[in-house]
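Okay, here's what each chain looks like letter by letter:
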Amino acid sequence: MTGLLERYAEVAGSDAVMQLRQLAEPLQGMKVVHVNSTKVGGGVAEILSQLIPLLRELGLDAEWHVIEGSPAFFVCTKKFHNSLQGAPDLPFEEELQIYERVNAENAERLAPVLKEAEVVFIDDPQPAAMIRYFPQRKGKWIWRCHIDASHPDRRVWKYLRQFLKDYDASIFSLPDFARMLPHPQYVIPPAIDPFSGKNCELSEEFIQGVVKDFNLDPSCPLLVQISRFDRFKDPLGVIKAFRLAKSFFPSAQLVLAGGGATDDPEGGTVLAEVHAAALGDPAIHVLELPSDAHRIVNALQRVAWIVLQKSLREGFGLTVTEALWKGKPVIGGNAGGIRLQVINHHTGFLVSSPEGAAMRIRYLLQRPENARRMGEKGRRYVRENFLMTRLARDHLTLMLALLHRETERIDTTQWKS
Amino acid sequence: MTFVIKDCALISMATGLRAGNLSEFKATLALAPLECVYHHFWGALLHTQFDDPEFKNDFAVWVYRELRDDVLAEMLAVLDPADYADLGDLRSDIIELIEQRLEQKEWLAWVPAVRPFYFLRSQIVVFDTGKRADSVEELAELMPELSAGSVFYHVIDARRRSPVGCDDFSAWLVGLGEEYAPLCHSLAEIDPYFGSLTDLRWQLVEAFRTFLEGRGRA
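Computed from a predicted structure; not experimentally measured.

Novice: Would you mind going over the overall build of chain B with me for this structure?
Specialist: Per the secondary structure count, chain B includes 10 helices and 2 strands. By its C-alpha atoms, chain B is 65 × 35 × 30 Å across when sized along the principal axes. Taking all contacts inside chain B whose residues are at least 6 apart in sequence as the whole, residues at least 24 apart take part in 74%. Counting only carbon and sulfur atoms, one obtains 52% of the accessible surface of chain B, whose full area is about 10,000 Å². Distance between charge centroids for chain B: 5 Å, based on 20 positive and 36 negative side chains.

Below, the structure written as structure tokens:
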């Protein structure tokens, strides 16, 4: 015992931990494997780095593996990503061949683990085709989609569907993203770990060090957007909104901070566009952070007066959850999972344009008491809905449902007796 | 007889069914699994509430927000699922109300919704809280501490499990003897659908308190 569950009980409540223990009881020692495409950077890697230790603490034999791919492979999967999010970017035939070949190579490499596993979770499209190479699989295979697939390009969806239809279940973050598939589709939003570097409490000394390092003025309004440099995160729209709001609050500062992910080849191009747009404006701080700069991100969120996540498409938006957990009001794009977290006038505001974001920035800066109350509600909302204990509970329930072929009712009290 | 206090959570599941206007909604509802009707009427009670919602069921909320038809939203909002022993009857009444409204405003059938309606169902997962009551007094003492999930399980989910559609507390009290009939009667008068689960818990607390005080006086 490392005390992880006891620590969770302090934050999420002892009932939440007791529920996890009850669900995990019939799954003791079970081999559960998660496979994704990057060890660092992005929400999926963060979730897995926190979920796996929690599952292990609960007595499951949980493992996390990362597929290996060439730059050409990730160009293809980025095209999948863009196309699933409604911006058609069709891979060429040769790229699809690379996609399938890389999946075949990884299937061969991971075969000893995957053949043995009783439950396999495959995250996103990158490793999705591996299932084809396990026709005699014994375990249950689940596809976890973290992408806003509400308006996918039909051709890309049709191509991926040939692999996805063979899974035993799939998980989407929102009902909007689910498609017609011949297996149960769970709606399970992601979650954050309150003890991770991104979310743990920080010393005032560390926070002030970050403020100093990045030449920020804590006495002036500070707006922060943390996200990869990706067009769907609309960093240029954030700069426009900031400039509109700045005419009312000339001392305001903006931080656009993001790390890279090894499976995102477009980041450099977008970062260059952001630098060009911010050029010559000392109030705009564009920070390219290493993917492991979790505590720096944490500190930036804590010193922010308002957190922005003005995405045009968003699978879920863990940065929104992180900000709400830190008691910050969030101005978010009216897209995907942000809608689930930003409850208008309660935890922040949903906006559909830079002008809308500017209007809400102005509102919150003029009404700090309202901003504070929104922050309090946001933290409570995250505690009740978006902590890792809830995600683990939903995953365990799903596993039990599949293994016991239950469709409606998972009654842990009956199994005990 | 010991009363075992349980807790529960709902895990949402997509059906892949969606509707972009009222015509599609009516047609899809007719075909959707009945569990969808249950989920969209009762499921929201377990969601975090920021204020007292104007409309209690997801169908009414969608018609109000996404189709902007106040009249139909109000017609749907007034439906109380607790009045229906059979979800199929509830579904038939919803369809009937939609047809009534479409007779008044035919064009409403084709007005595109701002956002589609996604038909969901749910899996319920049940937990043991470890709490037990061996008497009505003990249960009354535990009542104020019940979680929203416990209230949902013992009052709302119970109606689906019970052959006579009653809550778990009443079923337990019946087994304790005739002297608890007045308390059963009070519990039967509580409308589980009207308020939040917190409101419902306080109504239960009040019913137990009133009964025990009355018995103490007698």
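Alright, that's what it looks like, and here's the rest.
Novice: Looking at this model, I keep getting lost on the overall build of chain A. Mind explaining?
Specialist: Within chain A, the secondary structure is distributed over 16 helices and 13 strands. For a compact globule of 417 residues, the expected C-alpha radius of gyration is about 22 Å, and chain A comes in at 21 Å, within 12% of that figure. Considering only C-alpha atoms, chain A reaches an extent of 65 × 55 × 35 Å along its principal axes. When burial is assessed residue by residue, chain A has 61% of its 417 residues classed as buried.

Novice: Just to check I follow, could you spell out the interface of chain A and chain B for this structure?
Specialist: Size of an interface, as often reported, equals the accessible area lost when the parts are brought together. On the chain B side, the residues contacting the 36 residues of chain A number 32 residues. Summed over both sides, the interface between chain A and chain B buries roughly 2,900 Å², with carbon and sulfur atoms accounting for 53% of that surface. Of all residues in chain A, the largest losses of buried area upon contact with chain B belong to E408(A), R409(A) and T413(A), amounting jointly to 20% of the total for that side. Run the count over chain A and chain B and you get 3 salt bridges. One salt bridge in this structure joins R409(A) and D157(B), with 2.7 Å as the shortest N-O distance.

Novice: Sorry if this is basic, but what is going on with the nonpolar core here?
Specialist: What tends to happen in soluble globular proteins is that the nonpolar side chains get buried as a cluster. In terms of nonpolar packing, the biggest core is built from 82 residues, with L60(A), Y186(A), L300(A) and L396(A) touching the most fellow members. Among residues more than four places away in sequence, those in contact with L60(A) are A24(A), L27(A), G29(A), M30(A), V32(A), L55(A), L396(A) and M399(A). Judged by nonpolar contacts, the second largest core, of 68 residues, contains I5(B), V37(B), L139(B) and I190(B).

Novice: What's the story with the sheet that holds strand β9 (residues 284-289) of chain A in this structure? I'm lost.
Specialist: Adjacent strands of a sheet pair through backbone hydrogen bonds, lying either parallel or antiparallel. Residues and elements named next belong to chain A. Read across the open sheet, the 6 strands follow the order β9-β8-β7-β10-β11-β12; overall the sheet is parallel. Each having just a single partner strand, β9 and β12 (348-351) make up the two edges of the open sheet. Averaged over all pairs of adjacent strands, the angle between strand axes in this sheet comes to 20°, irrespective of strand direction. Two elements, strand β8 (residues 253-259) and β9, share 6 bridges in a ladder whose sense is parallel. Bridge pairing in β9 links G259 to L289.

Novice: What exactly am I supposed to notice about the sheet that holds strand β4 (residues 140-145) of chain A here?
Specialist: Read from one edge of the open sheet, 9 strands run β2(A)-β1(A)-β3(A)-β4(A)-β5(A)-β6(A)-β1(B)-β2(B)-β13(A), paired in mixed fashion. This sheet does not close on itself; its edge strands, each paired only once, are β2 (61-66) and β13 (409-411) of chain A. Between one strand axis and the next, the sheet turns by 25° as a mean value, whatever way the strands run. Where strand β6 (residues 185-187) of chain A meets strand β1 (residues 3-19) of chain B, 3 bridges bridge the pair, whose relative direction is antiparallel. Bridge assignment links V187(A) to a residue of β1(B), and that residue is S12(B). Against the sheet, helix α15 (residues 388-403) of chain A contacts β1 (31-36), β3 (119-123), β4, β5 (169-172), β6 and β13 of chain A together with β1 and β2 (117-133) of chain B, and its axis sits at roughly 80° relative to β1(B). Helix-sheet contacts for helix α1 (residues 22-31) of chain B involve β1 and β2 of chain B, and the interaxial angle to β1(B) is about 125°.

Novice: Can you walk me through the packing of helix α8 (residues 235-246) of chain A against helix α13 (residues 354-366) of chain A in this structure?
Specialist: If you want to describe how two helices pack, look at the angle between their axes and the distance between the axes. Residue and element names in this part refer to chain A. Contact pair α8 / α13: the axes reach a minimum separation of 8 Å and the direction vectors enclose 45°. The orientation of α8 with respect to α13, classified from their angle, is oblique. Where α8 crosses over α13, the two elements pack in a sense that is right-handed. In contact with G237, K240, A241, L244 and A245 of α8, α13 contributes P354, E355, A357, A358 and I361.

Novice: I would appreciate a short explanation of the pattern of salt bridges in the present structure.
Specialist: Between side chains of opposite charge, a pair can form as their charged atoms come close. Applying the stated criterion across every chain, the model contains 38 salt bridges over all chains. Taking the shortest distance from any N to any O, the salt bridge between D281(A) and R243(A) comes out at 3.5 Å. Of this pair, D281(A) sits in the loop between α9 (267-278) and β9 while R243(A) is found in helix α8, placing the two residues 38 residues apart along the sequence. When its relative accessible area of 37% is taken as the criterion, R243(A) is described as partly exposed. R372(A) is the salt-bridge partner of E376(A), the closest N and O atoms lying 2.4 Å from each other. In this pair, E376(A) and R372(A) both sit in helix α14 (residues 368-385), 4 residues apart, roughly one turn of the helix. Owing to a relative accessible area of 45%, E376(A) belongs among the partly exposed residues under this scheme. The network of salt bridges with common partners includes E408(A), R409(A), D157(B), R160(B), R161(B) and D168(B).

Novice: How should I be thinking about a negative patch on the surface in this particular structure?
Specialist: On the surface, D86(B), D89(B), D93(B), E96(B) and E103(B) cluster together into a patch of negative charge. The residue D89(B) is located in helix α5 (residues 87-104) in this model.

Novice: How should the pairing of strand β10 (residues 306-309) of chain A be read in this particular structure?
Specialist: Each regular strand shows side chains that alternate between the opposite faces of the sheet. Residues and elements named next belong to chain A. The alternating pattern of β10 places I306 and L308 on one face and V307 and Q309 on the opposite face, and all of these are buried. Of the strand pairs in this sheet, strand β7 (residues 222-226) and β10 are connected by 2 bridges, and their pairing is parallel. Bridged to L223 within β10 is I306. As paired elements, β10 and strand β11 (residues 330-333) share 3 bridges and run parallel to each other. Directly across from L308, in β11, lies its bridge partner I331. For the handedness criterion, the β-α-β arrangement of β10, helix α11 (residues 318-325) and β11 is classed as right-handed.

Novice: I would appreciate a short explanation of the side chain of S170(B) in the present structure.
Specialist: The residue S170(B) is located in helix α8 (residues 168-176) in this model. When neighbours within four sequence positions are excluded, S170(B) is seen to be in contact with C184(B) and L187(B).

Novice: What is the right way to look at the packing of aromatic side chains in this model?
Specialist: Each pair of aromatic rings is reported with the distance of its centres and the angle of its planes. Inspection of the entire model under this criterion finds 30 aromatic pairs over all chains. Grouped by ring-pair contacts, the aromatic residues F25(B), F41(B), W42(B), F59(B), W62(B), F117(B), F119(B) and Y193(B) constitute a single cluster. Over the ring of F206(A) we find R295(A); its NZ or CZ atom is 5.7 Å from the centre of that ring. Here R362(A) stacks its cationic end above the ring of F248(A), 3.7 Å away from the centre of that ring.

Novice: Help me understand the pairing of β5(A) in this model?
Specialist: All names here are of chain A. Of the two faces of β5, both are covered, the one formed by A169 and I171 as well as the one formed by S170 and F172. Summarising the sheet, β4 and β5 pair through 4 bridges and their orientation is parallel. Bridged to W143 within β5 is S170. One crossover worth recording links β4 to the parallel β5 by way of helix α6 (residues 154-164), and it is right-handed. Sheet topology note: the β5/β6 ladder contains 3 bridges and is parallel. Looking at β6, one finds that I171 is bridged to Y186.

Calculation rules
Residues numbered from 1 in each chain as written. Chains lettered and ligands numbered in written order. Predicted model: local features only at pLDDT ≥ 70, side-chain atom pairs only at ≥ 80, totals over all residues. Heavy atoms only, no water. Helix = DSSP H or I, 4+ residues; strand = E, 2+ residues; numbered from the N terminus. Contact = heavy atoms within 4.5 Å. Areas by Shrake-Rupley, 256 points an atom, 1.4 Å probe, with all protein chains shown as cover. Lys, Arg positive; Asp, Glu negative; His and termini not counted. Charge placed at Lys NZ, Arg CZ, Asp CG, Glu CD. Rg over C-alpha atoms; globule rule 2.2 N^0.38 Å. Buried < 20%, exposed > 50% of the residue type's maximum accessible area, 1.4 Å probe, protein only. Buried area = accessible area lost by both parts, 1.4 Å probe. Salt bridge = Lys/Arg side-chain N within 4 Å of Asp/Glu carboxyl O. Core = buried A, V, L, I, M, F, W, Y, C linked by side-chain atoms within 4.5 Å. Pairing = 2+ DSSP bridges. Axes fitted to C-alpha atoms, helices over the stretch in contact; angles between N-to-C directions. Parallel < 35°, antiparallel > 145°, perpendicular 65-115°, else oblique. Left-handed = near helix turned anticlockwise from the far one by under 90°. Patch = residues over 30% accessible without salt bridge, like charges linked within 9 Å, V, L, I, M, F, W, Y side chains within 5 Å. Right-handed = clockwise from strand over helix to strand, strands pointing away. Phe/Tyr/Trp six-rings, centres within 6.5 Å; stacked < 30°, edge-to-face > 60°. Lys NZ or Arg CZ within 6 Å of the ring centre and 35° of its normal.

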